[in-house]
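Here is what each chain is made of, one letter per residue.
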Amino acid sequence: MTWETFYLICFALGLSLTLLSFAGVFGHFHFGHFHVHAGHGGGHGAGHAGHVHAGGHAADGGKGGVSPVNAFTLAAFLGWFGGCGFLLERYGNLLTPIVLGAATVAGLVGSAILFWFMAKVLLPHERELTAEDTAVAGVLGRVSGPIREGGTGEIQFSQNGARRFAVARSEDGVAIPRGVEVVVMRYEQGIAWVRRWDEVAELAISSDVKSLR
């Protein structure tokens with residue numbers, strides 16, 4: 001194997017790992033203590049909403065921060081190392097040790113830039129979600145798939161700035177057509193039990209009136 005081939009393989013491997021990382025093939029993005037789990041895209045699956053977790057797995061013992069050695073920085077090092085080495089080996093007409101040293105420096109610089117971007121730009125804007133942030137009960141939504149009498153349908157609602165979907169049942173067993181606003185009364189085993197918003201509002205008003213008497 002020639003040095004030129006070696007550098008080209010490193011570049012291809014680094015590029016492939018980078019693309020796979022951003023595609024989520026690693027299962028979740030792992031920035032030291034920062035994890036992003038992708039929710040199921042599309043209509044029905046998105047009801048089991050994606051979650052963002054922060055904390056607990058940093059290299060500094062869980063005090064926050066990001067480990068400099070992770071999938072992204074490794075991929076960046078390989079990409080920059082291989083790309084620089086390949087170009088210098090083919091067009092630089094330099095000695096092998098010089099090319100190797102320059103490629104190593106380029107790889108370290110590339111991975112350091114990515115590490116700085118993750119630590120200084122991405123992570124400071126993230127926060128740990130609380131139970132209230134991900135709770136479905138009490139959410140106001142709209143029926144996106146008609147709820148059959150005694151059966152199931154689908155609702156759409158917004159949570160943490162994202163659109164979500166969930167399988168839904170009518171709490172009193174009546175049918176609810178598409179487009180009707182509903183309130184999630186409880187969320188159990190992946191099913192949102194809902195009531196029409198106008199009914200809930202009417203009950204709340206009646207309760208307030210009685211309490212004033």
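In case you missed it, the structure is sitting above this.
Numbers given for residues are sequential positions, taken from 1 along each chain in its written order. Local features are withheld for residues below a pLDDT of 70 in this predicted model, meaning they are given only at 70 or higher, and side-chain atom pairs are given and counted only at 80 or more; totals for whole chains, interfaces and linings count all residues. Heavy atoms throughout the structure, all of them, feed into the side-chain values; hydrogens and water do not.

*Asks:* Looking at this structure, I do not really get the overall build of the chain. What am I missing?
*Replies:* Numbering of helices and strands runs from the N terminus; a helix is a DSSP stretch of H or I covering at least four residues, while a strand is a stretch of E covering at least two. Scanning the chain from N- to C-terminus turns up 5 helices and 8 strands. From first element to last, N terminus to C terminus, the chain shows the α and β order α-β-β-β-α-α-α-β-β-β-β-β-α. Throughout, exposure labels follow a simple rule: accessible area from a 1.4 Å probe, protein chains only, divided by the maximum for the residue type, with under 20% read as buried, over 50% as exposed, and the rest as partly exposed. Here the chain holds 213 residues, and the buried ones make up 31% of them. In what follows, residue pairs with any heavy atoms lying within 4.5 Å of each other are defined as contacts. Here the analysis covers contacts within the chain between residues at least 6 apart in sequence; of these, 54% occur between residues at least 24 apart. Using the Shrake-Rupley algorithm and a 1.4 Å probe, accessible areas are obtained, with residue cover drawn only from the displayed protein chains. A total accessible area of about 12,800 Å² is found for the chain, and carbon and sulfur atoms account for 62% of it.

*Asks:* Explain the sheet that holds strand E5 (residues 152-159) to me, please; I cannot follow it from the model alone.
*Replies:* Working definition: the strands of a sheet are paired by backbone hydrogen bonds and lie parallel or antiparallel to each other. Two strands are counted as paired when DSSP detects at least two bridges linking them. Spatial ordering of the closed barrel is given by E4-E5-E6-E8-E7, a layout of 5 strands whose pairing is mixed. With direction set aside, neighbouring strand axes in the sheet form an average angle of 55°. As paired elements, strand E6 (residues 162-170) and strand E8 (residues 191-196) share 4 bridges and run parallel to each other. Looking across to E8, one finds that Ala168 is bridged to Ala192. Angular values range over 0 to 180 degrees, each being the angle between N-to-C directions of two axes fitted as lines to C-alpha atoms, with helices fitted over their stretch in contact.

*Asks:* Just checking my understanding: could you explain helix H2 (residues 71-92) for this structure?
*Replies:* Owing to its 3.6 residues per turn, the α-helix brings residues three or four apart onto one side. Every helix has an expected span of 1.5 Å times one less than the residues it contains. Given a rise of 1.5 Å per residue, 22 residues ought to cover 32 Å, and the 30 Å separating the end C-alpha atoms of H2 matches this to within 8%. One or two residues past the end of H2 sits Asn93, with phi positive at roughly 55°.

*Asks:* Can you walk me through unusual backbone geometry in this structure?
*Replies:* Most peptide bonds take the trans form, and the phi angle of most residues other than glycine is negative. Non-glycine residue Asn93 carries a positive phi angle of around 55°. Relative to the helices and strands, Asn93 is located in the loop between H2 and helix H3 (96-122). For Asn93, a relative accessible area of 76% translates into the label exposed. Unusually for a residue other than glycine, Gln189 sits at a positive phi of about 50°. You can see Gln189 is positioned in the loop between strand E7 (181-188) and E8.

*Asks:* Would you mind showing me how to read the nonpolar core here?
*Replies:* When a protein is soluble and globular, its nonpolar side chains tend to lie buried together. The nonpolar core is taken to be a set of buried Ala, Val, Leu, Ile, Met, Phe, Trp, Tyr and Cys residues, with the residues joined through side-chain atoms within 4.5 Å. Among the nonpolar cores identified, the biggest contains 14 residues, and Ile147, Ile155, Ile176, Val182, Val184 and Val194 are the most heavily contacted of them. Breaking this core down by element, the ones donating at least two residues are E5, E6, E7 and E8. The residues contacting Val182, other than those within four sequence positions of it, are Val139, Leu140, Gly141, Arg142, Val143, Ile155, Ile176, Val194, Arg195, Arg196 and Trp197. Grouped together as the second largest cluster of nonpolar side chains are 6 residues, Cys10, Phe81, Phe86 and Val99 included.

*Asks:* I keep staring at a nonpolar patch on the surface and nothing clicks. Help me out?
*Replies:* Each patch is assembled from residues with relative accessible area greater than 30% and no salt bridge, linking like charges that lie within 9 Å and nonpolar side chains (Val, Leu, Ile, Met, Phe, Trp, Tyr) that lie within 5 Å. Any Lys or Arg side-chain nitrogen located within 4 Å of an Asp or Glu carboxyl oxygen qualifies as a salt bridge. Taken together, the side chains of Leu8, Phe11, Leu15 and Leu19 define a hydrophobic patch exposed on the protein surface, amounting to about 370 Å² of accessible area. Looking at the secondary structure, you find Leu19 in helix H1 (residues 3-22).

*Asks:* Got a minute to help me understand the pattern of salt bridges in this structure?
*Replies:* Between side chains of opposite charge, a pair can form when the charged atoms approach closely. For the structure on display, the rule yields 7 salt bridges. Residue Glu171 pairs with Arg186 through a salt bridge whose shortest N-O separation is 3.0 Å. Of this pair, Glu171 sits in the loop between E6 and E7 while Arg186 sits in strand E7, and the two are 15 residues apart along the sequence. What makes Glu171 partly exposed here is its relative accessible area of 30%. Each of Glu171, Arg186, Glu188, Arg195 and Glu199 takes part in one network of salt bridges that share partners.

*Asks:* What should I look at first to understand the pairing of strand E4 (residues 140-145) in this one?
*Replies:* On a regular strand, each side chain points to the face opposite its neighbour's, so the side chains alternate between the two faces of the sheet. As judged from the 3 bridges shared by E4 and E7, these two strands associate in the antiparallel manner. If you follow Arg142 over to E7, its bridge partner there is Glu181. In this sheet, E5 lies alongside E4 in antiparallel orientation, the contact comprising 4 bridges. Note on E5: the bridge partner recorded for Arg142 is Gln156.

*Asks:* Looking at this model, I keep getting lost on the packing of aromatic side chains. Mind explaining?
*Replies:* Given two aromatic rings, their pairing is described by the distance between the two centres and the angle made by the two planes. Working definition: rings of Phe, Tyr and Trp (its six-membered ring) pair if their centres are within 6.5 Å, and the pair is stacked with planes under 30 degrees apart, edge-to-face with planes over 60 apart, and tilted otherwise. Scanning the model with the defined rule gives 6 aromatic pairs in all. Comment: the charge-over-ring label is applied if NZ (Lys) or CZ (Arg) is within 6 Å of the ring centre and within 35 degrees of the ring normal. Between Arg186 and the ring centre of Trp193, over which it is positioned, the NZ or CZ distance is 4.5 Å.

*Asks:* Sorry, what's going on with the environment of Leu78 here?
*Replies:* If you trace the backbone, Leu78 turns up in helix H2. On the basis of relative accessible area, Leu78 is assigned to the buried category, the value being 15%. Spatially, the C-alpha atoms of Leu78 and Leu15 are 7.9 Å apart, while their sequence positions differ by 63 residues.

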